[in-house]
Structures are given as structure tokens and as C-alpha cells.
Amino acid sequence: MWETELRGFADPLSSEISNILRSRGEADGRLPDVVEQSWKRCLTDYNLLPDAVPKAAVLSHSEIQMLMEQREEFMRIAEPEVERLFRRLVDSEYLVSLASPQGAMVLFRCDYQYLSELAESGVIPGSIWAEDQQGTNGVGTCLRVGKPVTIAGTEHYGSAIQRLTCLTAPVLGRNGAIDSVINVTTARHADARMNRMVQNIVERSARRIENGYFARMNRRNLMLRIVDGGVGVADIAEEGRLALDENGKVTSASSVTSRILGQDAGKLAGRSVEELFEMDQSIFDVRPGAPITLHYHGRSLQAALCLPESRQPTRNSLVPARPATPALGMVDLAEEALRINPILSQSLDRAQRLLSAGLPLAITGEPGSGKTAFAKAVARCCFGEDGQIVFIDCASLQSRDDLAALLQHRISAQRTCLLVDRIDEMDGEHQTALLAVLENDRQAGANGIGVIVISAQDLEHLARENLMRVDLVHRLKGGQIGLPPLRSAPDLEDTILDLFRIERDALGRPEVELDEDSRLVLLHYHWPGNLRELRNTLRHAVALADGKQIGLEHLPDNIVEEIARKDLTARSQSEASKIEAALRYNGGNVSLTARYLGVSRATLYRKIQIQKARGEA
Ligand SMILES: Nc1ncnc2c1ncn2[C@@H]1O[C@H](COP(=O)(O)OP(=O)(O)OP(=O)(O)O)[C@@H](O)[C@H]1O
């Protein structure tokens, strides 16, 4: 009792916060630290009352235009990323916006139908969300603390925006200053797991803008691109960048580099690369584009040197660029626009839970059904933040040494996810090597190693057919996720239309539409090549469309021909049954039946003969 009173006395703000939460039906509610600190600022510094926070002020169209023009180069990098993020979340009723350092939503992407719903809470283009005016909210609080934040439902200070969930990340510029905030808002209920997933995607988008803008601003410098994730991590969001002068001294460092090296960007400027890293060769001997290893306080980092945009290599400087030998198993882990329907979302959720519980995952499905994209998404969600992802494509492995070289990179990291693609093509030698690595890890009590294997065939089947070692199958069999073929998608039409929009926008043809015939053909085709075939077909159609309409002539011939064949068969079948019924009705009398059907006797005979011939064939 005493203790409670003393605590209440010591921190009246906390009890005021508890009262507000209680009045919202959150009797036991506790706010995350960052949110609680923000609420305290609302109560003390901004003098805001939760029920009387005014609606967000709004910039006029010309004011937004002016802000955009002032930051034209930045916007040129940010705009496609906002679009890309919006397309990724296309199915889930999310608004995507980019806010200026003052909190004004200057870029705004949202489904037209959803707009009016959000507008009720004041979320419209140009609305200003500074924390001192609107209280705790995604954009304003992110700007205030300079870190990614999620503000879910009643964690918003103003009661008028309690329905919203906002997931935000700052886009950092020179010396860590905030250039903008990228924000995703939904008025739908989203559970904590889904929020974490989207938050992760938002943060990666912010880093991609940071990196893109950094590259643009330093395009006249030599650039060292650094990856901490080891071989296989090639997502631009993960890359640190150091801009260098002619003498190999750092002129500027991106925020991801500061994170990788654990040093303020400002402190890196002026230092030479050779002073910062232990290198196997001088920076002046490095072949542009070729992968190199940098040693930094006992850690090995992967890097590549890039020439300035306009600079022609000279004999005295760096050696002319030759095509770089690709690093072992290096694949593009860049995120792509994926369509996540409720079924896929459930599978993602299941896969994440299993992987997080330390179980290996096997992803199976027909060719092109999205296994690799799915596996990358799961790996990124579970390991993207503080671990590394090592991608192994069994079809491109040359030798056991390749595998060993790939896997050794995991040793330096605390948490690693092995993503093994096309394991059904792994030969016996590699299977043994992989098994040995997994066993060693288990015996050494390795912490946090995740394994995802991708296979077109079920692992049990591979073992039965003697295509895979039984002990490896047992080691890998944790959770199995089978991705359904496209033809069985319950929302096939929506999938086609969503992916059509994605492809159309990617080719810069937002005006193009599918006509009725082509829509029907796409809907009735059986898609043996699944999502890959569908995306290729849509791209094919958009690329060939001259005007605004896509017709059958723009679709691949094989697809139209197959549907036409099916259609003919269906039509001939229905004609046969019509003739049969008419004959029956007319007691088998051909003359009467011909008259009944409105054709000549000869035509009816010919039709009957054709049907007979088909039946016999
Ligand atoms: N959820 C999705 N939404 C939209 N496009 C997708 C989705 N999943 C995959 N794709 C697209 O489908 C194509 C095939 O995907 P992916 O390579 O992941 O399939 P896969 O099953 O691994 O194929 P394979 O068996 O041939 O290796 C890619 O172009 C990818 O962009």
C-alpha cells in the first residue's frame, strides 16, 4: 500500500498515463518505453489533452509542390521506393507516405477506396504530424527520437487516431540528420507479428533510400560498398557505403556504414581506407567491381570498389574495370514486389514461427510457384535485422570447396540463416558436406542457425528415390510448407489483376488495361509455370501493347491457342449433345431433326459424321 502510494507520488505522470489507458479499456496496458516517454512529453512539454488534440494541419498542393521541388534529387530517389513499398503491400490496405523533416506527408500512396476511411482521422496528403502538434504518432515520434517506431492503436496519444497503426523509419542523411520519415499506416487490425514484419520492410525501404541518395550525392567519388552479411547478402538495404577521394580517404559515410562499423559517420571522414581496415592488398590495386575482403576489428566484411560515374579509368589510377567474377553463390536477395494474399500471409506466419523455434524449413511447390521468393521473405523477417543470410543455389555449386567457402562465412556471425535453393539438385558430395556442417553446428551448440531448403519435390520422395541421403532428410525435416499452384488460387482473378498492375507500372504504362477477351483467356488458362509464367505473360502483353487496350494479339500464342482449343472442344461437345437431344426428341428421324435444328439434311448428316469420327478417335 505504502509502496504504491510512494510510487504514485514519485511519478504522477505515470499514474496519469495509467488513467488515460484505463479510460481506453487498457486496464493493464503498459506502453513501450519510447511511447511512454513521448506521452510524457505530450503531457508536460506540449500541454496536449488526449481528447482535444486538434486535427492535423494540412499543406496546400502548391506548398507540397514547393517542398518537393526544393528536394528534387532526393525525391527522385524516394518516389520509386515509396511506390515499390506500396506495391509490396498492395493487398493489405496500407497507406504509404514519406514525410518531410517537419512531419508533412509530401509523398502519399494509398488505394483510392481506402483514402476516405483514413481521411476521417486526418490522414491525407500534406497533413502535418509533428509530435508537438499531434501528440504521439508514428511520423512525429519517429522524427523526435530519430529511430524506427511502431505506434499501434491506443498507443497513439490523441484519441481521434486510436484506430490507426503506424510503422515508421527515419531516412538518415549527412551526419545522421533526418532527411525524411517513411511511414506505413493502416486502420485495419494488425497483429504484433504482422506489424514486426511490415516494420522490417519499412526499415529496409528507408535504408534503400538512404543508400540511393548517398550514391547520387557522391557519384563523382570512388565508392566502397561494404556488406556485413557475408556472401549471399546482396540487398542494397544491407550495404554500407564509403565515398573516397583520389587518395583513398573517406569523404563521407552512409548511415548503414556507421551501423556496420559501429562508428559515427562524422568520425570516419578524413581517414584513409587502409588505416580503417586491414586489407589483403592496397586499395589502388583493387580491381573495380571485384569482391574483396576487409578485416575490421576481427570481423571480415565483404566489399567492392566502384568507380565514379563520369570517370574513365586511367593507367596511373585504378586498373580498368573488367567484368567481375561473381562471388560464389552470390544471388540477388533484393526484395521484389510480391503479392501477399491471406493464404500466403498465413503460410508466412507459420514459417516464421517454425524457423524462429529453431526448426529447419522445407519449402516445396511446383516450378515458379514462388518458393524462392517466399523463402527469402521468411529469412529476411527472421534474420534480416541482426543476422546474416547465406544463399546457396545447388544448381550453381561447382565443388565441395565452394560449399565450404560459402559456409565459412557464417562462422563470424552470431545468427545465420542458410537458404539452400534447389536442394533436389544437390549431388551426393555436397549432401555429405552440408550434413557435416549441420552436425558440427549442432554438436558445437551453435546459436541461432536457421536452415531453409527449397525443393520442387517432397524430401521424403527424394529419400525414397535414393536421391537424397536419408540422414540429411531427417536433419532437414522440421516444418514443411507447400506452396499451392497458381491455378488453385481462390482469388485467381484478383491475383492476375494485381500482378498486371505491378507489371504495367514497372514498365511505366499505367494507362494500359486488359480487354474482356484477354482477361477471360488469362482466367481460364491453367498456368503450369505458375507465378513466373503469369508475370512473364503480363509483361509480354504490356510490352507489346501499342495503345491503351491489351487484346488477344498481345498475349503469347501458346496461351491463346490452348484456350481456343479448349473452347472449340467445349463448343463441339455442346453441339454434339444438342444434336443427340434433338434426334431423341424427333424419334431418330433425320429429316425432322434437320428441320427442327434449322439446318439442311446434308449438313446434319455431315455434323453427325464428324461427331462419330471424334467419338471413335
Ligand atoms: N507472392 C508473389 N507475388 C508476386 N510474384 C511472385 C510471388 N512469388 C513469386 N513471384 C514471382 O514469381 C517468379 C518465380 O518465383 P520464384 O523464383 O520464387 O519461384 P520458384 O518456385 O522458386 O521457382 P523455381 O522452382 O523455378 O526455382 C518470380 O519472378 C517472382 O518474382
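Up top is the structure these notes are about.
The rules we used
Numbering of residues begins from 1 in every chain and follows the order in which that chain's sequence is written. Only residues with pLDDT of 70 or above have their local features reported here, since the model is predicted, and side-chain atom pairs are shown and tallied only from 80 upward, although totals for entire chains, interfaces and linings are computed over all residues. Calculation of side-chain values draws on the structure's entire complement of heavy atoms; hydrogens and water are dropped beforehand. Whether two strands pair comes down to DSSP finding at least two bridges between them. Numbering of helices and strands runs from the N terminus, with a helix taken as a DSSP run of H or I at least four residues long and a strand as a DSSP run of E at least two residues long. Interaxial angle, 0 to 180 degrees, is taken between N-to-C directions of lines fitted to C-alpha atoms, where a helix line uses only the stretch in contact. Multiplying one less than the number of residues by 1.5 Å gives the expected span of a helix. A 1.4 Å probe rolled over the protein chains alone gives each residue an accessible area, and that area as a share of the maximum for its type sets the label: buried under 20%, exposed over 50%, partly exposed in between. Think of it as the arc spanned by the lines of direction from the helix axis to the C-beta atoms. Definition of a polar contact: a pair of N or O atoms within 3.5 Å, with one able to donate and the other able to accept a hydrogen when the atoms are protein atoms, and with sequence-neighbouring residues admitted only if both atoms are side-chain atoms. Pairs of residues are marked as contacts when any of their non-hydrogen atoms sit within 4.5 Å.

**Student:** Please set out the sheet that holds strand β13 (residues 388–393) residue by residue, giving values where relevant.
**Tutor:** Taken in spatial order, the 5 strands line up as β13-β14-β15-β12-β16 in an open sheet, and their pairing is parallel. Of all strands in the sheet, those bounded by a partner on one side alone are β13 and β16 (479–483). For this sheet, the mean inter-axis angle between neighbouring strands, taken without regard to orientation, is 15 degrees. Note that strand β12 (residues 361–365) and β16 share 5 bridges and pair parallel. Note that in β16 the partner of T364 across the bridge is G482.

**Student:** Pulling in residues and values, what's your account of helix α9 (residues 192–217)?
**Tutor:** Between the first and last C-alpha of α9 there are 37 Å, a value that for 26 residues agrees with the 38 Å anticipated at 1.5 Å per step. Buried residues dominate α9, accounting for 20 of its 26 residues.

**Student:** Report on helix α20 (residues 516–524), specifying residues and quantitative values.
**Tutor:** Along an α-helix, a turn takes 3.6 residues, which lines up residues three or four apart on a common side. Every buried residue of α20 is listed here: S518, V521 and L522. All buried residues of α20 lie within an arc of 95 degrees about the axis, which places them on one face of the element. Its side-chain oxygen at 3.3 Å from the backbone nitrogen of D517, D515 defines the N-terminal cap of α20.

**Student:** An account of the pairing of strand β14 (residues 416–421) is needed here, citing residue identities and associated values.
**Tutor:** Among the 6 residues that make up β14, 6 are buried, leaving the element largely enclosed by the rest of the structure. Of the two faces of β14, the one holding T416, L418 and V420 and the one holding C417, L419 and D421 are both buried throughout. Note that β13 and β14 share 6 bridges and pair parallel. Its bridge partner lying in β14, D393 is registered against D421. Bridge analysis of β14 against strand β15 (residues 449–455) gives 5 bridges, and the strand direction is parallel. Residue L418 lies in a different strand from β15, and its bridge partner there is V451.

**Student:** Before we move on, can you summarise the sheet that holds strand β2 (residues 105–109) with the specific residues and values?
**Tutor:** In sheet architecture, strand pairing relies on hydrogen bonds along the backbone and comes in two forms, parallel and antiparallel. In spatial order, the strands read β2-β1-β5-β4-β3; together these 5 strands make up an open sheet with antiparallel pairing. The sheet is open, and its two borders are formed by β2 and β3 (149–152), each paired with just one other strand. Taken over all neighbouring pairs, the strand axes of this sheet differ in orientation by 20 degrees on average, direction set aside. Pairing of β3 with strand β4 (residues 165–172) involves 4 bridges; the strand directions are antiparallel. When the sheet's bridge partners are listed, I151 is paired in β4 with C166. The strands that helix α5 (residues 72–88) touches are β1 (95–99), β2, β4 and β5 (178–186); relative to β2, the one it contacts most, it runs at about 35 degrees.

**Student:** Explain the environment of M223 residue by residue, including any values.
**Tutor:** In this structure, M223 sits in strand β6 (residues 222–227). With relative accessibility at 7%, the residue M223 sits in the buried group. Here the alpha-carbon distance between M223 and G248, two residues 25 residues apart in the chain, equals 9.6 Å. Beyond its immediate sequence surroundings of up to four residues, M223 is in contact with F214, A215, N218, R241, L242, A243, A304, L305 and C306.

**Student:** Let's hear about the side chain of N195: which residues, and what values?
**Tutor:** Relative to the assigned elements, N195 resides in helix α9. On the accessibility criterion, N195 (7% relative accessible area) is buried. The contacts of N195, once residues within four sequence positions are left out, are T150, A152, T165, L167 and A190.

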